[in-house]
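Close look at the chain arrangement
Listed here are the chains, written in short residue letters.
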Amino acid sequence: MKILSADFVKSCVRPEQYPREGLPEVVFVGRSNVGKSSVINSLLHRKGIAKVGASPGKTQTLNFFRVTTDDRAFPDITFVDVPGYGYAKAPRSVRAQWGPMIERYLTSRPQLCVVVQVVDIRVADERDATTLAWLTHIGHRPVVVGTKMDKLPRGQRRSGLLRLGQRLGLDEREAAVGYAAPTGEGRQELWHTVQRRLDGWDGGARRHSRMST
Ligand SMILES: Nc1nc2c(ncn2[C@@H]2O[C@H](COP(=O)(O)OP(=O)(O)OP(=O)(O)O)[C@@H](O)[C@H]2O)c(=O)[nH]1
Ligand SMILES: [Mg+2]
């Protein structure tokens, strides 16, 4: 997959601010500091297009990036970077806003095509399982990415990925994609998975009819 261009579009908090182009969107969700923004930078081969932080809570708004690739079916797509969930140190008022901001986006955005759930391969837990269950409940079929693979010794990576799948209750056909942002490990596999989802995309009609019945 060749990235022809990648540009930051805007930061949004409310739906009326979201971009209006109607391009298919790929959103990256997950706990604070797991590496969502780093996965975006790595996929796009752009250091720092999404801001990365050493401490949790770096991303605080919904950030939209327009991406053009050499994909024939969907050359123009939008990536969306969002704040992490479960960041206990954020002020209560900020936390109270984050939930609704992300929830509104995930439940009501018609052109949201792919939800990538990023989890730290070493520390996936109940909160990630609960989020996955909720995303599934509202009609998404998340692609799970187990990142920070480079922090596991090589010999433990495969078993780490399997264990992650078991903890989250993934079946074998939906196995998690292993990722390491510093080396780009997993980049091709994740792009393929995203492309397959884009190919099968129906413009959001199926999910919305399911949600309204
Ligand atoms: N070793 C290693 N470090 C990583 C990887 N991905 C992210 N990091 C580091 O983890 C920290 C958090 O990365 P971010 O990409 O900002 O994480 P985030 O999920 O976007 O965080 P919030 O926006 O705060 O929710 C940074 O210090 C990154 O350099 C990875 O694959 N391997
Ligand atoms: Mg971030």
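Everything discussed here concerns the structure shown above.
The following paragraphs examine the structure supplied in this document. Every value quoted in this text rests on a predicted model; they were computed, and no experiment measured them.

**Focus: the pattern of salt bridges**
Any two side chains of opposite charge can pair, on the condition that their charged atoms come close. Applying the stated rule across the entire model yields 10 salt bridges. One salt bridge in this structure joins Glu25 and Arg109, with 2.7 Å as the shortest N-O distance. Placement of Glu25 in strand β2 (residues 25–30) and of Arg109 in the loop between α2 (92–108) and β5 (112–120) is noted, with a sequence separation of 84 residues between them. Glu25 sits in the buried class, given a relative accessible area of 1%. The shortest N-O distance in the salt bridge between Glu185 and Arg157 comes to 3.5 Å. Taken together, the residues span a long stretch of sequence, with Glu185 in the loop between β7 (177–178) and α5 (187–199) and Arg157 in helix α4 (residues 157–168) at a distance of 28 residues. Residue Glu185 is classed as partly exposed on the basis of its relative accessible area, which comes to 30%.

**Some thoughts on the site of ligand 1**
Taken together, 23 residues lie near ligand 1, and Lys36, Ser38, Gly57, Thr59 and Asp150 sit nearest. Contacts to ligand 1 include Gly84, whose backbone N or O atom sits 3.3 Å from an oxygen atom. With the chains in place, 86% of the 660 Å² that ligand 1 exposes on its own is no longer accessible. When each cavity is represented as a set of grid points, ligand 1 is found to reside in the second largest pocket.

**Considering the pairing of β2**
By the criterion of burial, β2 is predominantly enclosed, with 6 of the 6 residues buried. Where burial is concerned, the two faces of β2 agree: the one with Glu25, Val27 and Val29 and the one with Val26, Phe28 and Gly30 are both buried. Here β2 pairs with strand β4 (residues 76–81) via 4 bridges, running parallel. Within β4, the residue paired with Val27 across the bridge is Val80. Taken together, the 6 bridges between β2 and β5 define a ladder with parallel strand orientation. If you follow Val26 over to β5, its bridge partner there is Val114.

**Quick word on empty space enclosed by the protein**
Summed over all chains, the structure comprises 1 cavity of 30 Å³ or more. Space inside the largest cavity adds up to approximately 40 Å³. Taken together, Pro19, Glu21, Gly22, Leu23, Glu25, Thr78, Arg109 and Gln111 make up the lining of the largest cavity. Taken together, the residues that form the lining of the largest cavity break down as 2 nonpolar, 3 polar and 3 charged.

**Remarks on the nonpolar core**
Core analysis: the biggest nonpolar cluster contains 28 residues, and Phe28, Leu44, Phe79, Leu190 and Trp191 have the highest contact counts within it. Of all the secondary-structure elements, those providing two or more residues to this core are β1 (3–12), β2, α1 (36–44), β3 (62–69), β4, β5, β6 (143–147) and α5. Contacts of Leu44, omitting those with residues within four sequence positions, involve Ile3, Ala6, Ile49, Val67, Phe79 and Trp191. Membership of the second largest hydrophobic core comes to 17 residues, among which are Leu62, Trp98, Leu106 and Leu135.

**Some details on the layout of surface pockets**
For the largest pocket, the calculated volume is near 740 Å³. In this structure, the largest pocket is lined by 30 residues; those nearest its centre are Arg141, Pro142, Val143, Glu174 and Arg197. Every element with two or more residues in the lining of the largest pocket is listed here: β5, α3 (126–137), β6, α5 and α6 (205–212). Here the lining of the largest pocket is composed, by residue class, of 12 nonpolar, 7 polar and 11 charged. The calculated volume of the second largest pocket comes to roughly 370 Å³. Residue lining of the second largest pocket: 25 residues in total, with Asn33, Val34, Gly35, Ser38 and Val52 positioned closest to the centre.

**As for the sheet that holds β3**
Remark on secondary structure: sheet strands pair via backbone hydrogen bonds, oriented parallel or antiparallel. Spatially, the 7 strands line up as an open sheet ordered β1-β3-β4-β2-β5-β6-β7, and their pairing is mixed. Edge positions in the sheet fall to β1 and β7, since each of these pairs with one other strand and no more. Relative to β7, β6 runs parallel, the two being bridged by 2 bridges. Looking at the pairing, Val145 lines up with Val177 of β7.

What counts and how
- Residues numbered from 1 in each chain as written.
- Chains lettered and ligands numbered in written order.
- Predicted model: local features only at pLDDT ≥ 70, side-chain atom pairs only at ≥ 80, totals over all residues.
- Heavy atoms only, no water.
- Salt bridge = Lys/Arg side-chain N within 4 Å of Asp/Glu carboxyl O.
- Helix = DSSP H or I, 4+ residues; strand = E, 2+ residues; numbered from the N terminus.
- Buried < 20%, exposed > 50% of the residue type's maximum accessible area, 1.4 Å probe, protein only.
- Near = heavy atom within 4 Å.
- Polar contact = N/O pair within 3.5 Å; in protein donor to acceptor, adjacent residues only side chain to side chain.
- Areas by Shrake-Rupley, 256 points an atom, 1.4 Å probe, with all protein chains shown as cover.
- 1 Å grid on protein atoms, 1.4 Å probe; cavity = no way out; pocket = protein on both sides within 12 Å on 5 of 7 lines; lining within 4 Å.
- Sits in = over half its atoms within 2 Å of the grid points.
- Pairing = 2+ DSSP bridges.
- Points joined across faces, edges and corners; volume = space filled by probe spheres on them.
- Nonpolar A, V, L, I, M, F, W, Y, C, P; charged D, E, K, R; others polar.
- Core = buried A, V, L, I, M, F, W, Y, C linked by side-chain atoms within 4.5 Å.
- Contact = heavy atoms within 4.5 Å.

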